[in-house]
Amino acid sequence: MSDILDVKVNEFMAKLIARNPGESEFHQAVQEVIESLWPFIEDNPKYKSTKILERMTEPERVLMFRVPWVDDNGEIQVNRGFRIEMNSAIGPYKGGLRFHPTVNLGILKFLAFEQVFKNSLTSLPMGGGKGGSDFDPKGKSDNEIMKFCQSFMTELQRHIGQDTDVPAGDIGVGGREIGYLFGQYKRIVNEFTGVLTGKGLEWGGSLIRPEATGYGAVYFANEMLKTRNEGIKGKVAVVSGSGNVAQYTVEKLLQFGGKPVTLSDSAGFIYDPDGISMEKLQYVMELKNIKRGRIQEYADKFKVKYVEGERPWNVKCDLAFPSATQNEINEEDAKELVKNGCFIVSEGANMPSTPEAVEVFLEAKILYGPGKAANAGGVATSGLEMTQNSMRLPWTREEVDERLQHIMKNIHETCVKYGKDSSGFINYVNGANIGGFIKVADAMIAQGVV
Ligand code: NDP
Ligand code: 2IT
């Protein structure tokens, strides 16, 4: 970027930081987008005169509320609930709920901001939102999870609706939690509508939605590989996390003939040099989704290496699928990955790479697919769930999967269109940011100063 553009970005960021003190993840997410967009906006002054960036970085509405509940010992607990309704220019607010002790306003604003661009990239009519709570599901009984979800929804229900705001899952919120949340919504509002996505198949859920984020991240990696006449078959992949996204990333990698060799959780990672097979993945699914145990148990059962307190980025690989959380790859990790021959990063998680790590990937000219493009398959399939709910007609597994593949291909094409530089290198960061921006910005201009 030229010096003059640098100064303008810095000025914009200084104001944003002053207005949103302490929200470092939100600052980080905005900075990345602004750096991509600024040259484009200089060339298209209509976005400047209409103050689109100033408006897009200010949520339309922020909800923050008390979530009181009673634990199994009869003790009253108090958590904080949030919903960030970021942007509704192209559709109802749409985005997940995260239950994790680190949740705060800055984290959710970063996620809601990213969601606006991601949802636009899917080409489906969805605005952006995100919510959640600092509630820690670890070690809680089913009954406590249900009590918490019911209290959370008792407040949230007055702010959401199938045409207003449609939450879904994220970290700490899967099928079980969506069930409890949906039950409470239905009970209070007295309506059976598609107000949440990620629902069970028997009560309005879509086939492939649980798989969609992981599958999508692999489809996106496959599209990136095609630009270099390569495929997934025979490639070694490191995967972080062991939750929803990581599990279905491993499944799709195996279906494509790849060799996933790692999984992690917040305590450490396992390295299985023979590869995580379908049978071993079944074990992980049972361990994580039913027993709710730790990934270390995999190492004990299959007699492989477990590295406590570390992440898997120093394991030699061709492909990397960060699928746990934000800022899980730092500059050193990125250098290590590149040094060991990794030439694709497809982000299942949201913003898993620090800005310094992204810089390393771009400088090394590897295929780097940022989260808002690579993990958009999850929310895209949520969009397909909304469509099926509106029609009151479920699609087959094949139909949903075909649409998902088509959407991921389309997102890849958008990234190429807006991200290819004069040397032929595809900067997917620029591509996703500009490609996601245009539709939302044009809709905002068409709808006036709102
Ligand atoms: P899950 O709750 O199913 O799994 C999260 C996994 O990441 C767990 O293995 C967890 O370990 C680990 N993890 C979470 N927080 C941390 C942390 N602070 N440090 C280290 N490890 C951590 O969540 P998902 O799989 O749904 O989400 C994973 C990522 O994918 C998130 O970034 C999410 O925003 C993103 N994403 C999810 C989508 C979805 O449809 N679910 C869609 C698009 C993106 P532990 O159990 O020890 O906490
Ligand atoms: O980050 C994400 O895109 C999600 N957690 C999924 C959101 C959704 O509405 O399906």
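Refer to the preceding data block for the structure.
Summary of the structure given here. Predicted model only: the values in this text are computed from it and were never measured.

Thresholds, definitions, all that
Residues numbered from 1 in each chain as written. Chains lettered and ligands numbered in written order. Predicted model: local features only at pLDDT ≥ 70, side-chain atom pairs only at ≥ 80, totals over all residues. Heavy atoms only, no water. Axes fitted to C-alpha atoms, helices over the stretch in contact; angles between N-to-C directions. Helix = DSSP H or I, 4+ residues; strand = E, 2+ residues; numbered from the N terminus. Parallel < 35°, antiparallel > 145°, perpendicular 65-115°, else oblique. Contact = heavy atoms within 4.5 Å. Nonpolar A, V, L, I, M, F, W, Y, C, P; charged D, E, K, R; others polar. Expected span 1.5 Å × (residues − 1). Buried < 20%, exposed > 50% of the residue type's maximum accessible area, 1.4 Å probe, protein only. Near = heavy atom within 4 Å. Polar contact = N/O pair within 3.5 Å; in protein donor to acceptor, adjacent residues only side chain to side chain. Areas by Shrake-Rupley, 256 points an atom, 1.4 Å probe, with all protein chains shown as cover. Patch = residues over 30% accessible without salt bridge, like charges linked within 9 Å, V, L, I, M, F, W, Y side chains within 5 Å. Salt bridge = Lys/Arg side-chain N within 4 Å of Asp/Glu carboxyl O.

## Considerations on the packing of helix α2 (residues 24-43) against helix α5 (residues 105-121)
And then number 1: Orientation of α2 relative to α5, taken along the N-to-C sense of each, is 30 degrees, at an axis distance of 6 Å. One element, α2, and the other, α5, form an angle in the roughly parallel class. On α5, the residues touching E25, F26, A29, V30, V33 and L37 of α2 are G106, I107, K109, F110, F113, E114 and F117.
And then number 2: Grouping the constituent residues of the contact of α2 with α5 by class yields nine nonpolar, one polar and three charged.

## Section: helix α6 (residues 142-156)
Along an α-helix, residues three or four apart share an orientation, since each turn contains 3.6 residues.
And then number 1: End to end, α6 covers 21 Å across 15 residues, agreeing with the expected 21 Å (1.5 Å per residue, within 8%).
And then number 2: Listed as buried for α6 are E144, I145, F148, C149, S151, F152, M153 and L156.
And then number 3: Residues of α6 that are buried sit in contact with β1 (61-70), β2 (76-87), β3 (93-99), β4 (128-133), β5 (165-168) and α7 (175-189).

## Concerning the site of ligand 2
And then number 1: Residues in close proximity to ligand 2 total 14 residues, the closest being K94, K118, D170, R209 and S382.
And then number 2: The separation between an oxygen atom of ligand 2 and a polar side-chain atom of K94 is 2.7 Å.
And then number 3: Separating a nitrogen atom of ligand 2 from a backbone N or O atom of G169 is a distance of 3.0 Å.
And then number 4: Contact with the protein chains hides 94% of the accessible area of ligand 2, taken as 300 Å² for the molecule alone.
And then number 5: Split into classes, the residues belonging to the shell around ligand 2 amount to two nonpolar, seven polar and five charged.

## Some words on a nonpolar patch on the surface
And then number 1: Among the surface-exposed residues, V70, I76 and V78 lie close enough to one another that they form a single nonpolar patch of about 290 Å² accessible area.
And then number 2: Tracing the backbone shows V70 in strand β1.
And then number 3: Since its relative accessible area comes to 41%, V70 is described here as partly exposed.

## Comments concerning the site of ligand 1
And then number 1: Near ligand 1 there are 25 residues, and of these D170, T213, S266, R294 and N350 occur at the shortest range.
And then number 2: The contact in question runs from an oxygen atom of ligand 1 to an N or O atom on the side chain of R209, over 2.9 Å.
And then number 3: In the environment of ligand 1, an oxygen atom lies 3.4 Å from a nitrogen or oxygen atom belonging to the backbone of A324.
And then number 4: Protein chains shield 83% of the accessible area of ligand 1, which is 880 Å² for the free molecule.
And then number 5: Counting residues per element, the ones that place at least two in the shell around ligand 1 are α8 (209-226), α9 (244-255) and β8 (262-265).
And then number 6: Considering only residue class, the shell around ligand 1 consists of four nonpolar, 14 polar and seven charged.

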